[in-house]
Amino acid sequence: MDLTVNNYSLIRVVQHVAFALLLVLGTSSFGAASRIDQSQTRGDYGFWFDDLVPRWQEFFPSIPKLAEVSVWITKWGQPGNLTIEVTDRHFLVLNKVTLNERNVETGWVLVSFAEPLELEVDERYRIRVYADQDSLDSENRYFWRGSNTDNYGLDARNSVYSAWPAFDFAFITHALPNPVNVSGLSAPMIKAALDEGNQ
């Protein structure tokens with residue numbers, strides 16, 4: 001059974017504040033060097049997950065160097081350690097980060113990769129989340145929040161697509177822009193090249 005989180009109005013305010021801070025302060029490891037690439041930030045419903053019931057969401061990068069991933073998680077009780085991984089469309093794991101349960105709080109959970117992942121632009125990739133223990137009752141669970149409004153679109157599918165075709169889990173991908181080669185260019189040409197590289 002999938003549950004809508006109680007006291008949602010309060011949680012919604014907290015999440016909006018957390019998201020605003022995430023945008024203002026930037027990312028934890030790469031700072032101003034990284035930028036938001038793909039995102040779906042609405043979260044009016046949540047699906048629970050554990051070690052036997054993982055959840056996943058597809059995304060299509062427009063920048064090839066994936067540095068960090070954020071997901072909107074609600075935590076109830078003691079649901080175990082949390083793993084967030086990036087896979088290709090066939091679930092081949094490209095990288096993953098496991099967080100100790102004590103370090104996970106309700107809100108936007110951000111993980112950084114030691115080295116940026118080299119992805120193919122516009123290809124299908126998946127963010128996958130799961131815990132390291134069974135969810136024996138509804139008082140000890142993680143929920144990945146999202147929205148049933150097809151907000152991300154792009155024909156992106158996820159683990160609940162067959163029953164909820166318009167649902168997208170809430171996520172943000174943070175990428176490193178491609179470096180710009182400015183050797184031999186004049187000052188105006190360098191500015192134009194930098195502007196183009198940061199688009």
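Preceding this paragraph is the structure being described.
The notes below deal with the structure included here. From a predicted model like this one, the values you see are computed outputs, not experimental measurements. (Residues numbered from 1 in each chain as written. Predicted model: local features only at pLDDT ≥ 70, side-chain atom pairs only at ≥ 80, totals over all residues. Heavy atoms only, no water.)

1. With respect to the overall build of the protein
Of regular secondary structure, the protein possesses two helices and 11 strands. Along its sequence from the N terminus, the protein presents helices and strands in the succession α-β-β-β-β-β-β-β-β-β-β-β-α. Looking at the protein residue by residue over its 199 residues, the buried ones come to 46%. Partitioning the contacts of the protein with sequence separation of at least 6, the portion at a separation of at least 24 is 80%. Total accessible area on the protein is roughly 10,100 Å²; 52% of this is exposed by carbon and sulfur atoms. (Helix = DSSP H or I, 4+ residues; strand = E, 2+ residues; numbered from the N terminus. Buried < 20%, exposed > 50% of the residue type's maximum accessible area, 1.4 Å probe, protein only. Contact = heavy atoms within 4.5 Å. Areas by Shrake-Rupley, 256 points an atom, 1.4 Å probe, with all protein chains shown as cover.)

2. A look at unusual backbone geometry
Here the phi dihedral of Asp150 falls at roughly 50°; this positive angle occurs in a residue that is not glycine. If you trace the backbone, Asp150 turns up in the loop between strand 9 (141-147) and strand 10 (168-169). We note that Asp155 has phi near 60°; this positive angle belongs to a residue other than glycine. Inspection of the secondary structure puts Asp155 in the loop between strand 9 and strand 10.

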